[in-house]
Amino acid sequence: MNEHINAAEPEIRPTRQGLLSRISLVWLVPVLALAISLGVAWQSYSDRGVLIEIEFDNAAGIETGKTELKYRDVSVGTVEHVTFSDDLSRVIVAVRVENDVAGFIDADAQFWIVRPQVSVRGISGLGTVLSGVYINGSWDAKIGARAERFSGIGNAPLVGPDSRGISIVLRSRNGNQLAAGAPIVYKGIRVGVIEAPVLTASGNAVITNAFVEAPYDALVTSATRFWDTSGFELSFGAGGVKLNVESLASLVEGGVTFETLVSGGSPVNSGVYFPIYESEAAARNSLFQDQEADLLSVAAEFDGSVGGLVAGSEVRFRGIKVGEVADLTMTVERTGIHRTVRLRAGLQIRPGSLGLGQDATKSAALGLLRDYVSQGLRARLTSANILTGELIVELVELPDEQPAVLDMTAKPVPIIPSVDANLSDFNATAEGVFKRINALKVEELIASAIDVLNNVSGLVASDGAKSVLPELTGTLTEARLVLAELREAGAGAKVNSALTSAEGAAKAVEIAAGKLPALAEQLAKLTARTETVLASYGEKSRLIATALDTLRDISETAESLKSLARTIQRNPNSLLLGR
Amino acid sequence: MQADDLEISGTKQAVTTARKAGFVACDHCGLVYRPAAGTCTRCGNALHSRAPLSLQRTTAWLLAGLIAYVPANIYPMLLTSTLFEKQESTILGGVVDLVHHGAYGIAFIVFVASVVIPIGKFLAIAYLLLAVGRHRALNAHQRHLMLEVVEFIGRWSMIDVFVVAILSALVQLDTVATINPGIAAVSFALSVVFTMLAAQSFDPRLIWDGNEAGK
């Protein structure tokens, strides 16, 4: 059958011999694909970065493969997986960090989860509402020893690792007013920030890390005192009532301010402890406590009650605070059979305040005090504030007092001689005054005063009064003449004639007095007329003007009456002697 | 007649092949030549009694397809970024997501097109390669059918690539929603192309040679 087929003759070409003819070029494709795949695999393996583990309390919002690690808002890694610690107490988030930043993540790197947050200072992390949370990292720009396990912090650190300034630790008795992020204010300018207050291990104090930014960190020295400006401060002391509100923010969130109260402080290092005082006053007072070693301790003993005197009460010398009361104790003194209780107040006096200069020594101050005492310096209780009954110790100079000396032999401290203060009845007097003021029947008094004034105005306006006055004046002149004569005579012989004259004068007065009923009649008429006048005068303005004039007259009259009364009271003789 | 025998599928009747008779047909224009090698004088196509190095080429393409299929499954196919999140989904991850969303139909289609068919193709071609020259459970006709199915269905594996291409082109709404193809899309497309080439490189006449040998 094959023979019948007339098949075409092909063109014969020499076939290529060799390797290529036996091995297909297509093999290049899988080889190439494998090479590329391996290359890509190797590259992505070597580029995949470093795995670090961060511990958190919880992993709310963290999603494997999605949640990013950001540094300065740039994504530098992704969460690879989330596991628990061995005891299930913490969550360990493993993050694959890019190679080029991995070197910087050393032991002092900090990580926290950024979530939306609303606080007094504003709203932060709003973007994470839509995008989901992310982990923020913070580390310095120095390549350090590689660390792999980190402990995440609860909130964003208030101070970045590269911000310049000084870190200090503030210690206070309680942290009830301070919140993380509250400002540190210096003369009204925000210069730093505080972190969340934490209890010390022993639980008896609260420690707050704080940061004062450069260049203000130079303001913090060893002589700096911090005090709390949280909320508002209402002080009620010797200076009266004082209300101080620092700012609205510090009212809500709390705040701390500071001041370098004395010069000569030395620069401080990071991490130094500062106490937070409750108020500026306490901070200032603390200067005394701080220089306790340099304070001169003396004592003063007082009889009677020292209620109102407390530890911390001021000691003043010529109105200037020179120290304060350190303590109050009672001592029993035995004189014969009697035993008396005396109250001893320990005083601490700053030598520098006595006028000896800042670097005065205690012995110099004591010497000065001894001199003062010999010249009549005494300790005396004085009321600082009538309303609160607060007492202070005042060092007064009473040269007329019986001589006394500073009792240098007294134990444990020298005793300054004291004088009695009439304080005990002062309070009572004040109370009596108040009682009497309370007892005054003010309304009745005013009513009767108005009556009197009405009558007087009528009287003054009447013609009768006008005519009476000259007569009275004449009479008085006569009387004065008589008295003058009397005085000049000086002798008893003339007394009789003088009396006779006086009799005549009295008679004249009687005559004048005899006219009084007529005057009263006239007054009644006047009143009637006034009434008709009042009725006829509808115009109020005029009436008021008249009334005002009248009132002015009355007040002048009253004024002169008062001065007369005063004169009489002061010097009753003047009525007789005309002086 | 022998020609009639060939009409009946699956029979193992003796058939005189062109090769046995010393003829070669041009693959391109069908002109029959007597010698076994050379070039077609009519269309210039190289004449081969059997496609040269067919097994090698098929094996090479198959390996390339397999290699490309690995990153296609490891790397993300779709990069979806919406206002709320960024998502990278691999082929299987996408299927699982679809199942979670209750889209079982689409999940099934994607799974079949992207997983079942490619893997089936790999297995089928590998089987055909191994079966050449040996007697196998499937007879030559079944194997031929298998090759035809593989060649036919190959192009439909591209459905996943098309979906990615269309989505990427359509969903470009900046921050609101953006879809971009991942490395896996390219790998997958390459894998499909390679396996199609593998299927094409396979000379079906080899199946019948095996049939003859097995007889």
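Model, not experiment: these values are computed from the prediction.

Quick question: what am I supposed to make of the packing of helix 2 (residues 28-46) of chain A against helix 3 (residues 54-74) of chain B here?
Remark: helix 2 of chain A packs on helix 3 of chain B, axes separated minimally by 8 Å, with the N-to-C direction vectors making an angle of 20 degrees. With respect to their mutual orientation, helix 2 of chain A and helix 3 of chain B come out roughly parallel. You can see that helix 2 of chain A and helix 3 of chain B cross each other, and the crossing is left-handed. In this structure, helix 2 of chain A contributes Val29(A), Pro30(A), Ala33(A), Leu34(A), Ser37(A) and Val40(A) to the contact, and helix 3 of chain B contributes Ala60(B), Trp61(B), Leu63(B), Ala64(B), Ile67(B), Ala68(B), Val70(B) and Pro71(B). For the contact of helix 2 of chain A with helix 3 of chain B, the per-class residue count stands at 13 nonpolar, one polar and no charged.

Is there a simple way to think about the sheet that holds strand 7 (residues 177-181) of chain B in this case?
To summarise the sheet geometry, strands pair through backbone hydrogen bonds and adopt either a parallel or an antiparallel arrangement. Residues and elements named next belong to chain B. One open sheet accounts for three strands, arranged 6-5-7; its pairing is antiparallel. Strands with a single pairing partner mark the edges of an open sheet, and in this sheet they are strand 6 (86-89) and strand 7. Across the sheet, the mean angle separating the axes of adjacent strands is 15 degrees when strand polarity is ignored. Note: strand 5 (residues 78-82) against strand 7, five bridges, orientation antiparallel. In the sheet register, leucine 78 faces strand 7, and the bridge partner there is proline 181. Packing against the sheet, helix 7 (residues 159-170) makes contact with strand 5 and strand 7, and its axis sits at approximately 140 degrees to strand 7.

When you look at the pairing of strand 20 (residues 296-302) of chain A in this model, what are you seeing that I'm missing?
Consecutive side chains along a regular strand alternate between the two faces of the sheet. Residue and element names in this part refer to chain A. For strand 20, the tally of buried residues reaches five of seven residues, placing the bulk of the element in the interior. Pairing geometry for strand 20 and strand 23 (residues 338-349), over seven bridges, is antiparallel. Within strand 23, the residue paired with glutamate 301 across the bridge is arginine 344. With two bridges joining them, strand 20 and strand 26 (residues 415-416) adopt parallel strand pairing. Opposite alanine 300, over in strand 26, you have isoleucine 416 as the bridge partner.

Mind showing me how you'd approach the environment of Pro71(B) here?
With respect to the secondary-structure elements, Pro71(B) resides in helix 3. For Pro71(B), a count of 22 C-beta atoms within 10 Å gives the class buried. When neighbours within four sequence positions are excluded, Pro71(B) is seen to be in contact with Ser37(A), Val40(A), Ile183(B), Ala184(B) and Ser187(B).

Even after reading the chapter, I still don't get the sheet that holds strand 5 (residues 110-114) of chain A, so can you show me in this structure?
Residues and elements named next belong to chain A. Strand order in the open sheet formed by seven strands is 5-8-2-3-4-1-9, and the pairing between neighbours is mixed. Among the strands making up the open sheet, the edge pair consists of strand 5 and strand 9 (149-151). Between one strand and the next, the sheet's axes are offset by a mean angle of 35 degrees, whatever the strand orientation. In terms of strand pairing, strand 2 (residues 68-71) meets strand 8 (residues 134-138) through two bridges, oriented parallel. In the strand pairing of strand 8, leucine 69 is matched with isoleucine 135.

Calculation rules
- Residues numbered from 1 in each chain as written.
- Chains lettered and ligands numbered in written order.
- Predicted model: local features only at pLDDT ≥ 70, side-chain atom pairs only at ≥ 80, totals over all residues.
- Axes fitted to C-alpha atoms, helices over the stretch in contact; angles between N-to-C directions.
- Helix = DSSP H or I, 4+ residues; strand = E, 2+ residues; numbered from the N terminus.
- Parallel < 35°, antiparallel > 145°, perpendicular 65-115°, else oblique.
- Left-handed = near helix turned anticlockwise from the far one by under 90°.
- Contact = placed C-beta atoms within 7 Å.
- Nonpolar A, V, L, I, M, F, W, Y, C, P; charged D, E, K, R; others polar.
- Pairing = 2+ DSSP bridges.
- Buried ≥ 20, exposed ≤ 12 C-beta atoms within 10 Å, placed from the backbone.

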